[in-house]
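# Working through the structure, step by step
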Amino acid sequence: MQRWRSLGVKTLLISCGIILAFNFSLWGRLQHTRQIAPQPEAILVLGGDFDREYFAAYFAQAHPHLNVFISSGMPETQSRSYFAQVGVDLNRVHYDRRAVDTVTNFTTMVEALRSRHLRHVYLITSDFHMSRAQVLAYLIFGRYGIAITPITVPTQTPPEPWWAIVRDGGRGVLWILTGHTVDKIQG
């Protein structure tokens, strides 16, 4: 019994050490990114809510030098209409429809951002959703040295539960380790 307990303590300590080393590595990478790219170089909008894209259209109007990337948002024709209404050049707006949830918003967009050598992006999503989005951005984008500046869209929706953040954080770590993620478990 004592032997198993000792093995459990050692395993716990090693696991904590690995987690700390991983976090320190991500933190260091993101600090370096913020030094070389202190200002965001693009806008990333997490789809899933009409208000996000409407807000993003006005945000893009106020930042005319930045391209906009929309991950699985509302129908493209409606979205383009919003951006056109506020005078945003539609050549700046790029759509990616591969994501099916928040985790895949990040796993599908990381390569699109990296291929354009983008190191820092504004991240636009709803206020209730931002905590989960920030955890995933830290893990997935941080792994590749992409920093975010969060921009929240105000809503009347209560914040997401802690377990949804932990669940998707775990899915993000799984993607980093294996290149694959599992479908989220509805709860």
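So, about the environment of Ala147. By the secondary structure assignment, Ala147 is in strand 5 (residues 147-153). In this structure Ala147 comes out as buried when scored by relative accessible area, which is 1%. C-alpha separation for the pair Ala147 and Arg171, spaced 24 residues apart in sequence, amounts to 20 Å.

Since there are 3.6 residues in each turn of an α-helix, residues three or four apart along the chain are aligned in direction. For helix 3 (residues 76-85), the full list of buried residues reads Ser79, Tyr82 and Phe83. All buried residues of helix 3 project into a common sector of 95° when viewed along the axis, lining one side. Helix 3 presents Thr77 and Gln85 as exposed residues on the side facing more than 90 degrees away from its buried surface. Where helix 3 terminates, the next one or two residues include Gly87, which has phi positive at roughly 85°.

Right, let's talk about the nonpolar core for a bit. In terms of nonpolar packing, the biggest core is built from 24 residues, with Leu44, Phe106, Leu123, Ile140 and Phe141 touching the most fellow members. Counting only elements with at least two residues in this core, the list comes to strand 1 (42-46), helix 4 (102-115), strand 4 (120-126), helix 5 (130-143) and helix 6 (162-178). Among the elements that make up this core, the one with the highest residue count is helix 5 (seven residues). In this structure Phe141 touches Leu44, Phe106, Met109, Val110, Leu113, Val121, Leu136, Ile146 and Ile148, once residues within four positions along its chain are discounted.

This brings us to the environment of Leu46. Inspection of the secondary structure assignment puts Leu46 in strand 1. Each C-alpha atom of the pair Leu46 and Ser126 lies 8.6 Å from the other, and the pair is 80 residues apart in sequence. Ignoring sequence-local partners within four residues, the contact set of Leu46 consists of Arg52, Ser71, Asn105, Phe106, Leu123, Ile124, Thr125, His129 and Ala133.

Right, let's talk about the sheet that holds strand 1 for a bit. If you trace the five strands from one edge of the open sheet to the other, you get 3-2-1-4-5, paired in parallel fashion. The open sheet is flanked by strand 3 (93-96) and strand 5, the only strands paired with a single partner. Mean inter-strand twist for the sheet, computed between neighbouring axes without regard to direction, equals 25°. Summarising the sheet, strand 1 and strand 4 pair through four bridges and their orientation is parallel. Across the sheet, the residue bridging to Ile43 is Tyr122, located in strand 4. With respect to the sheet, helix 2 (residues 50-62) is in contact with strand 1, strand 2 (67-71), strand 3, strand 4 and strand 5, its orientation differing from that of strand 4 by roughly 140°.

Together, Trp162, Trp163 and Val166 make up an exposed nonpolar region whose accessible area comes to about 380 Å². Its place among the elements puts Trp163 in helix 6. Classification of Trp163 by relative accessible area gives partly exposed; the value is 35%.

The next point concerns unusual backbone geometry. Positive phi, normally seen in glycine, also occurs at Ser72, with a value near 50°. As for its position among the elements, Ser72 is in the loop between strand 2 and helix 3. Classification of Ser72 as buried rests on a relative accessible area of 17%. Not every positive phi belongs to a glycine, and His117 is a case in point at roughly 60°.

Applying the stated criterion across every chain yields a total of six aromatic pairs. Between Phe59 and Tyr122, the ring centres sit 4.9 Å apart and the planes meet at 80°, which makes this aromatic pair edge-to-face. Of the two residues, Phe59 is situated in helix 2 and Tyr122 in strand 4; the sequence distance between them amounts to 63 residues. Side by side, Phe59 and Tyr122 carry an identical accessibility label, which is buried.

Calculation criteria
Residue indices follow the written sequence of each chain, beginning from 1 at its first position. Thresholds applied to this predicted model are a pLDDT of at least 70 for local features of residues and 80 or more for the giving and counting of side-chain atom pairs; totals over whole chains, interfaces and linings are not thresholded and use all residues. Side-chain figures throughout are based on the complete set of non-hydrogen atoms in the structure, without hydrogens or water. Think of it this way: any DSSP run of H or I at least four residues long counts as a helix, any run of E at least two long counts as a strand, and we number them from the N terminus. The cut-offs for exposure are 20% and 50% of the maximum accessible area for each residue type, with area from a 1.4 Å probe on protein chains only; residues under the lower value are buried, those over the upper are exposed, and the others partly exposed. Throughout, the arc means the angular range of directions from the helix axis out to the C-beta atoms. Take the buried Ala, Val, Leu, Ile, Met, Phe, Trp, Tyr and Cys residues and link them wherever side-chain atoms come within 4.5 Å; each set so joined is a nonpolar core. Residue contacts are counted whenever heavy atoms from the two residues lie within 4.5 Å of one another. We treat two strands as partners when DSSP finds at least two bridges between them. Axis lines are fitted to C-alpha atoms, over the contacting stretch for helices. Their N-to-C directions set the angle, which ranges from 0 to 180 degrees. Patch definition: residues above 30% relative accessible area lacking any salt bridge, with like charges linked at up to 9 Å and the nonpolar side chains Val, Leu, Ile, Met, Phe, Trp and Tyr linked at up to 5 Å. Accessible areas in this description were obtained via Shrake-Rupley with a 1.4 Å probe; residue shielding takes into account the shown protein chains only. Salt bridges are defined as contacts in which a side-chain nitrogen from Lys or Arg sits within 4 Å of a carboxyl oxygen from Asp or Glu. Here is the rule: rings of Phe, Tyr and Trp (six-membered ring for Trp) pair when centre to centre is within 6.5 Å. Planes less than 30 degrees apart are stacked, more than 60 are edge-to-face, and the remainder are tilted.

These results come straight from atomic positions and should not be treated as a statement about function.
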